[in-house]
Amino acid sequence: MPKVTFMPENKTVEFEFGKLRYRDHGKRESLLDIALNLGVDLEHACGGSCACTTCHVIVLEGEKNMSEAEDDELDRLDMAPGLTLRSRLGCQAVVKGDVKVEIPAWNKNYIKEGGKSTL
Ligand code: FES
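Calculation rules
Chains are numbered independently. Their residues run from 1 in the order of the written sequence. It should be noted that, the model being predicted, local features are given only for residues of pLDDT at least 70 and side-chain atom pairs only at 80 or more, the latter also being counted only at that level, while totals for whole chains, interfaces and linings use all residues. Under the scheme used here, helices are H or I runs from DSSP no shorter than 4 residues and strands are E runs no shorter than 2 residues, and both carry numbers assigned from the N terminus. Partly exposed residues are those falling between the two cut-offs: more than 12 but fewer than 20 other C-beta atoms within 10 Å of their own, whereas 20 or more means buried and 12 or fewer means exposed, with C-beta atoms placed from the backbone. We call two residues in contact if the C-beta atoms placed from their backbones are at most 7 Å apart. Strands qualify as paired when DSSP identifies two bridges or more between them. All axes here are fitted lines through C-alpha atoms, helices being fitted over the stretch that makes contact, and every angle between N-to-C directions spans 0 to 180 degrees. As used here, a nonpolar core is made of buried Ala, Val, Leu, Ile, Met, Phe, Trp, Tyr and Cys residues. They are joined through C-beta atoms within 7 Å.

Engineer: Can you help me understand the environment of P2 in this one?
Structural biologist: For P2, the position within the fold is in the segment before β1 (3-7). Overall, the presence of 17 C-beta atoms within 10 Å leaves P2 in the partly exposed class. In the structure, P2 is positioned 15 residues away from F17 in sequence and 8.2 Å away in space, judged by C-alpha atoms. Once you skip the residues sitting within four places of it in the chain, P2 turns out to touch E14, F15, V95, G97 and D98.

This is how it looks when you write it as structure tokens:
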């Protein structure tokens, strides 16, 4: 079973392919889908439709164990604050094996403090 670790909480969850209940947020078995199913707090202002950047994560390990970013994800990521070469949108990155990602703390704070939306 693939393991997904979310930093900085250092919370690792496991899931079985095809067994998650789809919650209609992002791509099936994306980081966001996994997070919502397994109790990890990952922002998703647009509901997982690749129309914001609040689900921005930075891949620490296992980049090859995720789907490749498509053009619409890359275009959207260009608008993400704090963009890195290892940035992905949690709702678009489909997990295929073990991965470790970081949810940027400033991203969460930005949302919670009522910062300007990146929509
Ligand atoms: S939740 Fe908006 S782009 Fe992922």
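So that's the structure; there's more coming.
Engineer: Sorry, what's going on with the sheet that holds strand β4 (residues 87-89) here?
Structural biologist: What links the strands of a sheet is backbone hydrogen bonding, and the strands pair in either a parallel or an antiparallel sense. Read from one edge of the open sheet, 5 strands run β2-β1-β5-β3-β4, paired in mixed fashion. Every interior strand has two partners, whereas the edge strands, β2 (11-14) and β4, have only one. Taking the axes of each pair of neighbouring strands and ignoring which way they run, one obtains an average angle of 35° across the sheet. Pairing of strand β3 (residues 56-61) with strand β5 (residues 99-102), which is carried by 3 bridges, proceeds in the antiparallel orientation.

Engineer: I keep staring at the nonpolar core and nothing clicks. Help me out?
Structural biologist: L31, L32, A35 and V101 are the most contacted members of the largest nonpolar core, which totals 19 residues. Elements that contribute at least two residues to this core include exactly β1, α1 (31-37), β3 and β5. Residue contributions to this core peak at 5 residues, all from α1. Excluding residues within four positions of it along the chain, L31 makes contact with V4, L42, V57, G90, A93, V95 and V101.

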